[in-house]
Amino acid sequence: MGVLAWVKSLFILQLLIGFVFVVSGLIINFIQLCTCVLWPFNKQLYRKINTRLSYSLWSQLVMLLEWWSDTECMLYTDQATVDKFGKEHVIIILNHNFEIDFLCGWTICERYGVLGSSKVLAKHELLKVPLIGWTWYFLEIVFCKRRWEEDRDTVFSGLNRLKDYPEYMWFLLYCEGTRFTEKKHQISMQVAESKGLPKLKYHLLPRTKGFTTTLHCLKGTVKAVYDVTLNFKDKQNPTLLGILNGKKYKADLSVRRFPVEEIPDDEKECANWLHKLYQEKDKLQENYEKEGCYPGPTIKPKRRLWTLLNFLFWATLLLSPLINFTWDVFVSGSPLLIIGFMIFLIVSSVAVRRLIGVTEVKKTGSSYGNIEAKKEN
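Residues numbered from 1 in each chain as written. Predicted model: local features only at pLDDT ≥ 70, side-chain atom pairs only at ≥ 80, totals over all residues. Heavy atoms only, no water.

- As recorded by an unreviewed UniProt entry, the protein carries the name 1-acyl-sn-glycerol-3-phosphate acyltransferase gamma and is attributed to Triplophysa tibetana.

Following this line, the structure appears as structure tokens:
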């Protein structure tokens, strides 16, 4: 292990990074709360401010990927497609196989200027997660319980509200509904067999309702659907803890652009289009397993300094008083203060670890196999 790798693995440094993220996130959430007074008078100004506030938080995670772990992201697509990045409203369809797939998506968003305005159809449980759920609430993220009877009105109203969004947005959909595991895959393919659909090897059966509804509501706003298929070199299985430890990964993303005009308007035909798309995604993953890469030209987008500068700003603002306070505590020699500070460190480390746990595959739930899940598809 090199000196730099050893330094990155130090728990105290990781705790300080977590401290900066959590405290800056709480400050950002408070400012977001204050901006709510703007909504009745100037909705678009509220949105522009919150887009930049959310960028200031999310870019700290992107900084970990790009600068702390030095993870590389390679795009497999043509230049004509890349030239449209950040210049149109789009729906993103991304496979859900890895703990950091969202982070790889965010780093591409950041490099093309749409990180702050990126959207997602998120499960309702995430609304209760501090920082993440709270920031998404102020960003008008659409939350769903994955029970269509309960979600219908909420999803329709949330999507329709985004039609006049002032910033170019990338709306992310995990059409598989949950992260891929072998157990979920077995159950999913039983559902596919019962419906007479081709079996997939590397994906779960897509849940079509979310896609068809999103496309229907945002038609006239979104100009295209980007199909993004993610994998990692050398069969790496990246984790957020690995990123925090400074481990470098090499991500490959195949990106295909489909103009909205090419996608059927009819709900059933649109659902069939999505199933066909996932069959093509499965072939792309099979090709990657054999060849170690996706077909087509490659483009390596350059990382930007903004994520690093943003983190350094928050670190300078927050760590200086923390270090001074820590010094005063230990110089005071007060056992009560020292014990209290140690308890604070323990609570902080547990809080950061719980936030990381949200991304872990083993802690993600699935309703595959339930009667309700089958009805949703």
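Remarks on the overall build of the protein
Now for step 1: Broken down by element type, the protein carries 14 helices and 8 strands.
Now for step 2: C-alpha atoms of the protein, sized along the principal axes, occupy 70 × 55 × 45 Å.
Now for step 3: Sorting the 377 residues of the protein into buried and exposed places 52% on the buried side.
Now for step 4: Of the contacts made within the protein by residues no fewer than 6 positions apart, 79% connect residues no fewer than 24 positions apart.
Now for step 5: Of the roughly 18200 Å² of accessible surface on the protein, 62% is carried by carbon and sulfur atoms.
Now for step 6: A distance of 3 Å separates the average location of the 49 positive side-chain charges in the protein from that of its 38 negative side-chain charges. (Helix = DSSP H or I, 4+ residues; strand = E, 2+ residues; numbered from the N terminus. Buried < 20%, exposed > 50% of the residue type's maximum accessible area, 1.4 Å probe, protein only. Contact = heavy atoms within 4.5 Å. Areas by Shrake-Rupley, 256 points an atom, 1.4 Å probe, with all protein chains shown as cover. Lys, Arg positive; Asp, Glu negative; His and termini not counted. Charge placed at Lys NZ, Arg CZ, Asp CG, Glu CD.)

Some words on the packing of aromatic side chains
Now for step 1: Applying the stated rule across the entire model yields 17 aromatic pairs.
Now for step 2: Taking 6.4 Å as the distance between ring centres and 75° as the angle between the ring planes, the aromatic pair formed by Phe-232 and Tyr-249 counts as edge-to-face. Of the two residues, Phe-232 sits in strand β6 (residues 224–232) while Tyr-249 sits in the loop between α10 (240–244) and β7 (250–259), which places them 17 residues apart along the sequence.
Now for step 3: With relative accessibility at 1%, the residue Phe-232 sits in the buried group.
Now for step 4: Clustering of aromatic rings is evident, with ring pairs tying together Trp-58, Phe-102, Trp-106, Trp-136 and Phe-143.
Now for step 5: Residue placement shows Lys-281 over the ring face of Tyr-278; its charged tip is 5.6 Å from the ring centre.
Now for step 6: The ring of Trp-67 carries the charged tip of Arg-303 above its face, separated from the ring centre by 3.7 Å. (Phe/Tyr/Trp six-rings, centres within 6.5 Å; stacked < 30°, edge-to-face > 60°. Lys NZ or Arg CZ within 6 Å of the ring centre and 35° of its normal.)

With respect to the pairing of β6
The two faces of a sheet get side chains in turn, since along a regular strand they alternate between them.
Now for step 1: Burial within β6 is extensive, with 9 of its 9 residues counted as buried.
Now for step 2: Along β6, one buried face is formed by Ala-224, Tyr-226, Val-228, Leu-230 and Phe-232 and the opposite face, lined by Val-225, Asp-227, Thr-229 and Asn-231, is buried too.
Now for step 3: Both strand β2 (residues 90–94) and β6 contribute to a ladder of 5 bridges, which runs parallel. Bridged to Ile-91 within β6 is Val-225.
Now for step 4: Of the pairings in the sheet, the one linking β6 to β7 comprises 9 bridges and is antiparallel in character. From the neighbouring strand, Tyr-226 faces β7, where its bridge partner is Arg-257. (Pairing = 2+ DSSP bridges.)

Description of the environment of Thr-35
Now for step 1: One can find Thr-35 in helix α2 (residues 11–35).
Now for step 2: On the basis of relative accessibility, which here comes to 7%, the residue Thr-35 falls in the buried class.
Now for step 3: Separated by 103 residues in the primary sequence, Thr-35 and Phe-138 place their C-alpha atoms 9.2 Å from one another.
Now for step 4: Ignoring anything within four residues of it in the chain, the contact list for Thr-35 reads Tyr-46, Ile-49, Asn-50 and Leu-53.

Focus: the domain arrangement of the protein
Now for step 1: For the protein, the domain assignment lists domain 1 (8–305) and domain 2 (308–354).
Now for step 2: Once you take the C-alpha centre of each, domain 1 and domain 2 turn out to be 33 Å apart.
Now for step 3: Each side of the interface is counted separately: domain 1 has 19 residues, and domain 2 has 15 residues.
Now for step 4: Taking both partners together, domain 1 and domain 2 bury about 1600 Å²; carbon and sulfur atoms supply 84% of that area.
Now for step 5: Taken together, domain 1 and domain 2 are joined by 0 salt bridges.
Now for step 6: At the surface where domain 1 touches domain 2, the tally comes to 5 residue pairs in polar contact (both at pLDDT 80 or more). (Domains from an automatic or database assignment. Buried area = accessible area lost by both parts, 1.4 Å probe. Salt bridge = Lys/Arg side-chain N within 4 Å of Asp/Glu carboxyl O. Polar contact = N/O pair within 3.5 Å; in protein donor to acceptor, adjacent residues only side chain to side chain.)

Thoughts on the pairing of β7
Now for step 1: Within β7, 7 of the 10 residues are buried, which leaves the element mostly enclosed by the surrounding structure.
Now for step 2: As judged from the 5 bridges shared by strand β1 (residues 72–76) and β7, these two strands associate in the parallel manner. Its bridge partner lying in β7, Met-74 is registered against Asp-252.

Remarks on the UniProt feature "transmembrane region" (unreviewed entry) in the protein
Now for step 1: The UniProt record marks residues 12–39, 305–323 and 329–352 with the feature "transmembrane region" (unreviewed entry), using the residue numbering of this structure.
Now for step 2: Within residues 12–39, the helical portion is 86% and the strand portion 0%, while the C-alpha atoms at the span's ends are 41 Å from each other.
Now for step 3: Taken end to end, residues 305–323 has its terminal C-alpha atoms 26 Å apart, with 95% of it in helix and 0% in strand. (UniProt positions renumbered as here; feature names shortened; annotations may be inferred.)

Concerning the confidence of the model for the protein
Now for step 1: In this model, the protein carries an average pLDDT of 90, and 93% of its residues clear a pLDDT of 70 or more.
Now for step 2: In this model residues 368–377 is a low-confidence stretch, pLDDT under 50, and it forms 23 contacts with partners more than four residues away in sequence or in other chains. (pLDDT = per-residue confidence, 0-100.)

Observations regarding the environment of Gly-158
Now for step 1: Note that Gly-158 resides in helix α7 (residues 148–161).
Now for step 2: Gly-158 sits 16 residues away from Tyr-174 along the chain, and the two C-alpha atoms are 17 Å apart.

Digging into the pattern of salt bridges
Now for step 1: On inspection of all chains with the given rule, the structure shows 22 salt bridges.
Now for step 2: Residues Arg-111 and Glu-66 are paired through a salt bridge, measuring 2.9 Å at the closest nitrogen-oxygen approach. Taken together, the residues Arg-111 in helix α5 (residues 101–111) and Glu-66 in helix α3 (residues 43–68) connect sequence positions 45 residues apart.
Now for step 3: Overall, the relative accessible area of 12% leaves Arg-111 in the buried class.
Now for step 4: Under the relative-accessibility criterion, Glu-66 is labelled buried at 0%.
Now for step 5: Where salt bridges share partners, they join Lys-43, Arg-47, Glu-140, Arg-161 and Asp-164 into one cluster.

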